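The chain contents come next:
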Amino acid sequence: MILPITDRNNILNLIPQRDPIIMVDTLWEYTPSTGVIGLTIASNNLFVQQETFLESGLIEHIAQSIALHKGYSYYLSGKPAPMGYIGAIKKIEISALPKVGSALRTHLSIVQEFMDVTLVALQTFVGDTLIAQGEMKTVLAPTNS
């Protein structure tokens, strides 16, 4: 898969989430320690109320941005996308809620990785406007292998 990845089937191969809770639609950029992930907010999105994308949707988008980054890393290693969970939200500041049709771009940077726990710093933009930022810790689920 060549970046950017926008094909829905390719995205679904890189994340464990399924409808109706898919909150990423583009992998714009990838390095082992950084990434840029996108989502264009549709009117039928589970987290849209009165044409506004809710805080819970932004947090889920941020978590899935980490999952997509990790899933692409696994893809590059020839492994299936891992299942993961939010381990902790260290801090999230949301300064604006985007409207339907807005294109989110979340920039992530891995701060620390130890075993199956990853601490990630994130910033989410609509255009040039920073609408959310913070740090989230994710934990990979144990595998049966």
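Residues numbered from 1 in each chain as written. Predicted model: local features only at pLDDT ≥ 70, side-chain atom pairs only at ≥ 80, totals over all residues. Heavy atoms only, no water.

1. Observations concerning unusual backbone geometry
- The residue after L3, namely P4, is reached through a cis peptide bond having omega -5°.
- Assignment of secondary structure puts P4 in the segment before α1 (8-14).
- Looking along the chain, the bond that leaves D19 and enters P20 is cis, with omega of 10°.
- Mapped onto the fold, P20 is located in the loop between α1 and β1 (26-31).
- The backbone phi angle of Q50 is positive, close to 50°, even though this residue is not glycine.
- In this fold, Q50 is placed in the loop between β3 (48-49) and β4 (52-53).
- In this structure, M115 takes a positive phi of about 55° despite not being glycine. (Helix = DSSP H or I, 4+ residues; strand = E, 2+ residues; numbered from the N terminus.)

2. Quick notes on the pattern of salt bridges
- This model, assessed by the stated rule, comprises 3 salt bridges.
- The salt bridge partner of D19 is R8, with a shortest N-O separation of 2.5 Å. A residue pair is termed long-range when its members are at least 10 positions apart, and D19 in the loop between α1 and β1 and R8 in helix α1 qualify at 11 residues.
- When its relative accessible area of 42% is taken as the criterion, R8 is described as partly exposed.
- Between K90 and E135 there is a salt bridge, with the nearest N and O atoms lying 3.5 Å from each other. Of this pair, K90 sits in strand β5 (residues 84-94) while E135 sits in strand β8 (residues 129-140), placing them 45 residues apart in sequence. (Salt bridge = Lys/Arg side-chain N within 4 Å of Asp/Glu carboxyl O. Buried < 20%, exposed > 50% of the residue type's maximum accessible area, 1.4 Å probe, protein only.)

3. Let's talk about the pairing of strand β2 (residues 34-40)
- Within β2, 5 of the 7 residues are buried, which leaves it mostly tucked inside the rest of the structure.
- Note that β1 and β2 share 5 bridges and pair antiparallel. If you follow L27 over to β2, its bridge partner there is I37.
- Adjacent in sequence and paired antiparallel, β1 and β2 are bridged by 2 residues. (Pairing = 2+ DSSP bridges.)

4. Things to note about the environment of S56
- The residue S56 is located in helix α2 (residues 55-76) in this model.
- When its relative accessible area of 38% is taken as the criterion, S56 is described as partly exposed.
- Considering only alpha carbons, one finds S56 and G127, 71 residues apart in sequence, at a separation of 21 Å.

5. Concerning the environment of I59
- Relative to the elements of secondary structure, I59 occurs in helix α2.
- Of the residues examined, I59 reaches a relative accessible area of 24% and is grouped as partly exposed.
- In this structure the C-alpha to C-alpha distance between I59 and I89, which are 30 residues apart in sequence, comes to 9.2 Å.
- Apart from residues lying up to four places away in sequence, I59 is in contact with I89, I92 and M136. (Contact = heavy atoms within 4.5 Å.)

6. Notes on the pairing of strand β7 (residues 117-126)
- Where strand β6 (residues 103-114) lies against β7, 10 bridges are found, and the strand directions are antiparallel. Its bridge partner being in β7, F114 is matched across the sheet by V117.
- With antiparallel pairing between neighbouring strands as the criterion, β6 and β7 make up a hairpin whose turn holds 2 residues, including M115 at a positive phi of roughly 55°.
- Relative to β8, β7 is paired through 10 bridges, and the arrangement is antiparallel. Across the sheet, residue F125 finds its bridge partner in β8, namely L130.
- Turn length for the β7-β8 hairpin, with the two strands adjacent in sequence and antiparallel, is 2 residues, and the turn residue G127 shows positive phi of about 65°.

Purely spatial values, then, with no claim about function.
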